[in-house]
2 protein chains.
Amino acid sequence: MKEQLQATSISQKDTFWMKHALALAQEAAQKGEVPVGAIVVYKDTIIGAAHNLRETHQDPIAHAEILAIKQASDHLGSWRLENCTLYVTLEPCPMCSGALWLSRIERCVFGCRDPKSGFLGSISNLMDQEKLNHHYEICSGVLENECSEILRTFFRRIRERKSQKEQNKI
Amino acid sequence: MKEQLQATSISQKDTFWMKHALALAQEAAQKGEVPVGAIVVYKDTIIGAAHNLRETHQDPIAHAEILAIKQASDHLGSWRLENCTLYVTLEPCPMCSGALWLSRIERCVFGCRDPKSGFLGSISNLMDQEKLNHHYEICSGVLENECSEILRTFFRRIRERKSQKEQNKI
């Protein structure tokens, strides 16, 4: 099953939509949020678009995927996101991969892997759980370099600022 | 680690708080929602209380745990629910066990197991993932019979109504 799930190939359309998610990640970085962006696409239209807002809202649930799923459900008037695809710049965590399962989404496309908590192949793969009542397709590596670079730049700047502050104390 | 995590014993306090979660599950049933209730307790005070609202809100994210965590974060003005305990009538699913991890909660106490999608021991245990940067204590089986009975009654009534409708058609 794993091979089948991960065999989805990257299309030009995937790259096109991931650029939208990347733009949202950039917005997050400007607000001091870990730069992750996500959109939900249904019939070639964006019906949910969000970036991480954990710090701004002081809410552990406020990941980009969760906010985008919520918007998409509001738009469709249904908790079922059948025939929808979620694009997200970073591999979903346990909570978000679970939210995608609950939403009955058709497909999840992500940019770069998260070796610390990615739950669609890195530390584990939720879709390998055969007992679950729904399985969505996974496609990874879309604009991978751009998606990881935005995170690297963000964390490098945080380290530089921290280092600068420490130097100023001396 | 697993043995240590699951060794937490049930106290009278746990039973006391679970009764609150059960009352919320009962409210959910009356609204036609799958009866699951959850509360977040901090310093012997309830700072988040909710029941499942998936159908009412048509929102796949609107599980009792997620709504209770959101309320608790709003109350504390922080996404970190350190020193908090979540009580929930049913074993958390992948999304909710992940949300608890992200919230840095100290402890999760649940009533009955969910053999189809419980992610704190049934189909898998998120807390067995050693790479995660936080692990919370798990305590299961608090008012187990009451918590499972409310679900059994709910689903039996749904089946009876369905059967009645089919008979009326004949």
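Our subject is the structure that appears above.
Residues numbered from 1 in each chain as written. Chains lettered and ligands numbered in written order. Predicted model: local features only at pLDDT ≥ 70, side-chain atom pairs only at ≥ 80, totals over all residues. Heavy atoms only, no water.

Trainee: Got a minute to help me understand the interface of chain B and chain A in this structure?
Mentor: Quite often, the size of an interface is put as the accessible area lost when its parts meet. With 32 residues of chain B at the interface, the matching set in chain A holds 32 residues. Note on chain B versus chain A: buried area summed over both sides is about 2,700 Å², and carbon and sulfur give 69% of it. Of all residues in chain B, Q58(B), P60(B) and W79(B) bury the most surface against chain A, accounting for 22% of the area lost on that side. One can count 2 salt bridges joining chain B with chain A. A salt bridge links K70(A) to D59(B), with the shortest nitrogen-to-oxygen separation between them at 3.9 Å. For the pair chain B and chain A, the interface holds 4 residue pairs in polar contact (both at pLDDT 80 or more). Contributing elements (two or more residues each) for the side of chain B that touches chain A: α3 (54-57), α4 (64-76) and α5 (94-102) of chain B. Considering each element in turn, the side of chain B that touches chain A owes the most residues, 6 residues, to α5(B). Here the residues of the side of chain B that touches chain A sort into 16 nonpolar, 10 polar and 6 charged. (Contact = heavy atoms within 4.5 Å. Buried area = accessible area lost by both parts, 1.4 Å probe. Salt bridge = Lys/Arg side-chain N within 4 Å of Asp/Glu carboxyl O. Polar contact = N/O pair within 3.5 Å; in protein donor to acceptor, adjacent residues only side chain to side chain. Helix = DSSP H or I, 4+ residues; strand = E, 2+ residues; numbered from the N terminus. Nonpolar A, V, L, I, M, F, W, Y, C, P; charged D, E, K, R; others polar.)

Trainee: Quick question: what am I supposed to make of the relation of the copies chain B and chain A here?
Mentor: To go from the first copy of the chain to the second, apply a rotation about an axis and then a shift along the same axis. With an axial shift of 0.0 Å and an RMSD of 0.0 Å, the rotation relating chain B to chain A amounts to 180°. What we have between these two chains is a two-fold relation. Nearest to the rotation axis, the C-alpha of M95(B) is located 2.0 Å from it, this being the minimum over chain B. When the interface residues of chain B are mapped onto chain A, 100% of them again lie at the interface, so the same face is used by both copies. (Least-squares fit on C-alpha atoms with pLDDT ≥ 70 in both.)

Trainee: Looking at this model, I keep getting lost on the nonpolar core. Mind explaining?
Mentor: One broad rule of soluble globular proteins: the nonpolar side chains tend to lie buried together. Counting residues in hydrophobic clusters, the biggest one holds 102 residues, and the most contacted among them are L86(A), M95(A), Y136(A), L86(B), M95(B) and Y136(B). Residues within four places of L86(B) in sequence aside, it is in contact with I39(B), V40(B), E65(B), A68(B), I69(B), L100(B), I105(B), R107(B), C108(B) and V109(B). (Core = buried A, V, L, I, M, F, W, Y, C linked by side-chain atoms within 4.5 Å. Buried < 20%, exposed > 50% of the residue type's maximum accessible area, 1.4 Å probe, protein only.)

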